[in-house]
Amino acid sequence: MATCNLEKFYQKEDIDHDVIIYVGDPPNVISFSLHSEVLKSRSKYFQVALSSEWVRKQDDRIMLTIPTISPEVFNFLLNHIYTDKLIFEGAPTDGKSCLNRIVAADELNLNQLSLYEQKFLITNRSEWLRNNFLLVYKIITTLPTLDLLRDFCLKLLCEEPSLLLNYQTIHLVDESTFSILLKMDALQMTEISIWDTVIEWGISKVPYLSESNIEDWTQDDWELLKSSLVNIIPLVRFEHISKRDLYKYVKPFTEILPKDILSKLPTHEYDKNVDNVDNNVDNNVDDNEKNLDNVEIITTSKRFQLIDSTIITISHLPQISDWIKGKSCGEFPKAYDFNFSLILRASRDGYSPNTFHRWCDDYGAPTLILIKLKDSCQIIGGYNCFSWKSPMVFSTTQHDEHAFIFSLCDKDGDRENAKVARPKRMKKKCYNNNNNNNNKVNFMKTAKNHFITPGPSLKFSRFCGPCFGKSDLQLQNRLAYCKQRDYDDNITDQSGLFEIDDYEIFRVEICQKYY
């Protein structure tokens with residue numbers, strides 16, 4: 001039956017219905033009177049459900065029950081079945097509603113609608129997918145036909161492994177997904193963190209092991225753990241774990257390691273000063289004594305990290321990249337156009353202004369500052385294109401037309417409330433001086449017109465850390481001060497002092513020239 005002729009059958013009382021479908025879970029059940037030929041022509045599900053082998057009739061009507069789909073969602077599916085339309089006026093477009101329609105469309109084998117809804121959800125509700133990742137993950141693992149959504153979630157998980165690879169949810173990860181992630185070069189984890197996660201995952205498959213110390217495990221316990229990890233351990237790139245970490249974190253698990261890995265483990269702990277992570281060569285050997293026997297051949301590529309940060313993940317970078325390129329907040333930015341090299345991490349190097357200036361003065365620009373506020377999920381920061389300085393006495397200011405300050409999320413971690421502020425263009429009066437001595441009035445400055453001048457985007461002071469504007473964003477020790485003055489918006493809900501957990505500064509290497 002042609003699609004163009006189906007719409008006339010939909011909700012027409014003068015056309016006989018031969019199917020009654022009860023939809024919903026009691027007590028929220030609604031009956032729909034429909035046409036079997038229309039349903040079977042559009043859906044393989046109904047071809048089977050309404051076949052002679054399965055039908056149940058009452059008063060010459062086919063009776064069917066679908067308890068797994070809500071009446072509201074089913075009504076939208078019927079619109080698609082009878083009209084072939086994909087967009088309907090009044091259809092809710094929030095992430096949860098879209099996901100419900102995807103699951104229902106998959107159940108009824110409405111592939112065209114499912115594909116459309118997946119594309120819409122990924123393109124327009126990516127932040128909702130991130131915030132509800134566990135819910136989405138459970139669905140894509142039970143519905144293998146949702147290819148688009150599964151590929152997107154794998155990419156998101158690769159960028160932000162903590163969404164799922166954490167001690168609370170690691171037991172939910174299936175072996176297939178875990179294997180796919182460990183094969184990815186772009187997985188944003190260090191190799192030693194991957195090893196720790198592998199052990200956590202293996203123990204989650206033998207739950208009682210977590211209740212006892214490793215020293216108390218029996219040979220049977222080790223065999224169970226080894227069996228659960230037999231396909232996973234070969235995916236760990238041990239060549240890119242330092243000798244020091246191999247000895248400290250890998251060697252205790254020799255009972256489950258293959259022989260080829262055991263042969264590479266160090267026999268004693270190495271001092272960090274002689275540790276070479278990249279090639280596992282012992283630097284304690286004299287250069288003249290080094291030969292090919294001392295060098296271990298690397299057989300796996302090293303995973304690449306786009307940013308070495310404990311504050312943000314790779315998933316934040318498209319937004320930051322767009323801001324650097326002068327774009328406003330976007331729902332679904334895609335490109336990674338910059339490299340970020342860590343210069344300073346306060347929790348590692350120190351919080352004092354002296355530390356900041358020692359590491360960052362005249363280092364080069366542009367630089368990116370990331371700040372994690374204490375007792376909050378909020379991440380704020382700034383970007384500048386001038387090198388930082390330490391004036392000997394008085395602070396100085398500098399206009400930077402490309403500088404900006406930002407908040408990547410609100411205090412609850414919601415990225416949809418991300419905001420960026422850029423330097424104001426200050427309006428000032430222009431005066432005219434007349435040197436005519438015969439008219440003393442002309443010696444007075446008289447306002448003639450106004451002109452626009454750049455405001456102070458940056459402030460340099462030896463007594464403070466990085467400062468944007470005179471008060472818009474200032475760092476000093478473990479405190480951040482934010483009060484809008486020289487930028488066009490405030491990046492925090494309230495002005496004032498904020499304690500910080502950590503801050504990081506990166507040099508930004510521009511891959512393409514945008515200005």
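Residues numbered from 1 in each chain as written. Predicted model: local features only at pLDDT ≥ 70, side-chain atom pairs only at ≥ 80, totals over all residues. Heavy atoms only, no water.

- For the protein, an unreviewed UniProt entry supplies the name Kelch-like protein 17 and the organism Gigaspora margarita.

### Observations regarding the overall build of the protein
- The secondary structure content of the protein amounts to 16 helices and 17 strands.
- Among the 515 residues that make up the protein, the fraction classed as buried is 46%.
- Sequence separation of 24 or more characterises 63% of the internal contacts of the protein that already satisfy a separation of 6 or more. (Helix = DSSP H or I, 4+ residues; strand = E, 2+ residues; numbered from the N terminus. Buried < 20%, exposed > 50% of the residue type's maximum accessible area, 1.4 Å probe, protein only. Contact = heavy atoms within 4.5 Å.)

### Things to note about the sheet that holds strand E4 (residues 61–66)
- Pairing within the open sheet is mixed, and its 4 strands lie in the order E2-E1-E4-E3. Every interior strand has two partners, whereas the edge strands, strand E2 (30–34) and strand E3 (56–58), have only one. Along the sheet, successive strands turn relative to each other by an average axial angle of 35°, direction set aside.
- Where helix H3 (residues 71–83) meets the sheet, it contacts strand E1 (19–23), E2 and E4, and its direction lies at approximately 10° from that of E2. (Pairing = 2+ DSSP bridges. Axes fitted to C-alpha atoms, helices over the stretch in contact; angles between N-to-C directions.)

### A look at the confidence of the model for the protein
- Per-residue confidence for the protein averages 83 on the pLDDT scale, and 82% of its residues sit at or above 70.
- Under a pLDDT of 50 for its full length, residues 271–298 has, in the predicted model, 41 contacts with residues more than four places off or in other chains. (pLDDT = per-residue confidence, 0-100.)

### Brief notes about the packing of helix H7 (residues 133–142) against helix H8 (residues 147–159)
- Two numbers describe how H7 lies on H8: the axes approach to 10 Å, and their chain directions differ by 135°. If you check the angle between H7 and H8, you find them oblique. Viewed along their axes, H7 and H8 form a crossing whose handedness is left-handed. Two secondary-structure elements touch here, H7 through Phe133, Val136 and Ile140 and H8 through Leu149, Arg150, Cys153, Leu156 and Leu157.
- The residue inventory of the contact of H7 with H8, partitioned by class, reads 7 nonpolar, no polar and 1 charged. (Parallel < 35°, antiparallel > 145°, perpendicular 65-115°, else oblique. Left-handed = near helix turned anticlockwise from the far one by under 90°. Nonpolar A, V, L, I, M, F, W, Y, C, P; charged D, E, K, R; others polar.)

### Some words on a nonpolar patch on the surface
- A surface patch of nonpolar side chains, amounting to about 400 Å² of accessible area, comprises Met392, Val393 and Phe394.
- Following the sequence through the fold, Met392 ends up in the loop between strand E7 (379–384) and strand E8 (396–398). (Patch = residues over 30% accessible without salt bridge, like charges linked within 9 Å, V, L, I, M, F, W, Y side chains within 5 Å. Areas by Shrake-Rupley, 256 points an atom, 1.4 Å probe, with all protein chains shown as cover. Salt bridge = Lys/Arg side-chain N within 4 Å of Asp/Glu carboxyl O.)

### Here's the deal with the packing of aromatic side chains
- Applying the stated rule across the entire model yields 15 aromatic pairs.
- Pairing Trp195 with Phe253 gives two aromatic rings, centres 6.0 Å apart and planes at 75°, and the pair type is edge-to-face. Of this pair, Trp195 sits in helix H10 (residues 191–204) while Phe253 sits in the loop between helix H12 (243–250) and helix H13 (259–262), and the two are 58 residues apart along the sequence. In this structure, Trp195 and Phe253 share a single accessibility class: buried.
- Here Trp388 and Phe468 contribute two aromatic rings whose centre-to-centre distance is 5.7 Å and whose plane-to-plane angle is 80°, an arrangement assigned as edge-to-face. One end of the pair, Trp388, is in the loop between E7 and E8; the other, Phe468, is in strand E14 (residues 467–468), with 80 residues separating them in the sequence. Each member of the pair, Trp388 as well as Phe468, is classed as buried. (Phe/Tyr/Trp six-rings, centres within 6.5 Å; stacked < 30°, edge-to-face > 60°.)

### Section: H12
- When we look at burial in H12, the residues that qualify are Lys243, Asp245, Leu246 and Val250. For H12, the buried positions fall inside an angular range of 160° around the axis, keeping them on one side.
- Looking at the packing, one finds that the buried side of H12 touches H10. (Arc of directions from axis to C-beta.)

### Regarding the pairing of E1
- Summarising burial for E1: 4 of the 5 residues are buried, a large majority.
- For E1 and E4, the ladder comprises 5 bridges, and the chain directions are parallel. Looking across to E4, one finds that Ile20 is bridged to Met63.
- In this structure, E1 lies alongside E2, joined through 5 bridges in antiparallel fashion. Following the sheet pairing, Tyr22 is matched in E2 by Ser31.
- Linking E1 back to E2 in an antiparallel pair, the connection comprises 6 residues, with Gly24 at a positive phi of about 110°.

### Quick word on the environment of Phe498
- Locating Phe498 in the fold gives a position in strand E17 (residues 496–510).
- Residues Phe498 and Leu479, 19 residues apart in the sequence, show an inter-C-alpha distance of 5.6 Å.
- Sequence-distant contacts of Phe498, defined by excluding residues within four places in its chain, comprise Leu373, Arg478, Leu479, Ala480, Cys482 and Thr492.

### Let's talk about the packing of helix H4 (residues 95–107) against H7
- Across the interface, H4 lies against H7 with an axial gap of 12 Å and an inter-helix angle of 5°. Taken together, the axes of H4 and H7 are roughly parallel relative to one another. Along its contact with H4, which presents Lys96, Leu99 and Val103, the element H7 presents Leu135, Val136 and Ile139.
- Across the contact of H4 with H7, the residue classes tally to 5 nonpolar, no polar and 1 charged.

### Digging into unusual backbone geometry
- A cis geometry characterises the amide bond from Pro26 onward to Pro27, with omega recorded as 5°.
- Position of Pro27 relative to the elements: it lies in the loop between E1 and E2.
- Phi is positive for Asp60, which is not a glycine, with a value near 65°.
- Within the secondary structure layout, Asp60 lies in the loop between E3 and E4.
- A relative accessible area of 72% means that Asp60 is categorised as exposed.

### A look at the nonpolar core
- Counting 57 residues, the largest nonpolar core has Leu149, Trp195, Leu229, Phe238, Val250 and Ile256 as the members making the most contacts within it.
- Contact partners of Ile256, with chain neighbours within four places excluded, come to Trp195, Ile199, Trp222, Leu225, Lys226, Leu229 and Ile233.
- Ile343, Leu344, Ile405 and Leu473 belong to the second-largest nonpolar core, a separate cluster that totals 27 residues. (Core = buried A, V, L, I, M, F, W, Y, C linked by side-chain atoms within 4.5 Å.)

### Considering the environment of Val206
- Along the chain, Val206 turns up in the loop between H10 and helix H11 (219–228).
- Sequence separation between Val206 and His171 is 35 residues, and the spatial gap between their C-alpha atoms is 9.9 Å.
- If near-sequence neighbours (up to four positions away) are discounted, Val206 is found in contact with Leu224 and Leu225.

### A closer look at helix H16 (residues 353–360)
- Of all the residues in H16, the buried ones are Pro353, Thr355, Phe356, His357 and Cys360.
- Looking at the buried side of H16, the elements it contacts are strand E5 (338–345), helix H15 (346–349), strand E15 (473–476) and E17.
- Of the residues one or two after H16, Asp362 is the one with positive phi, at around 55°.

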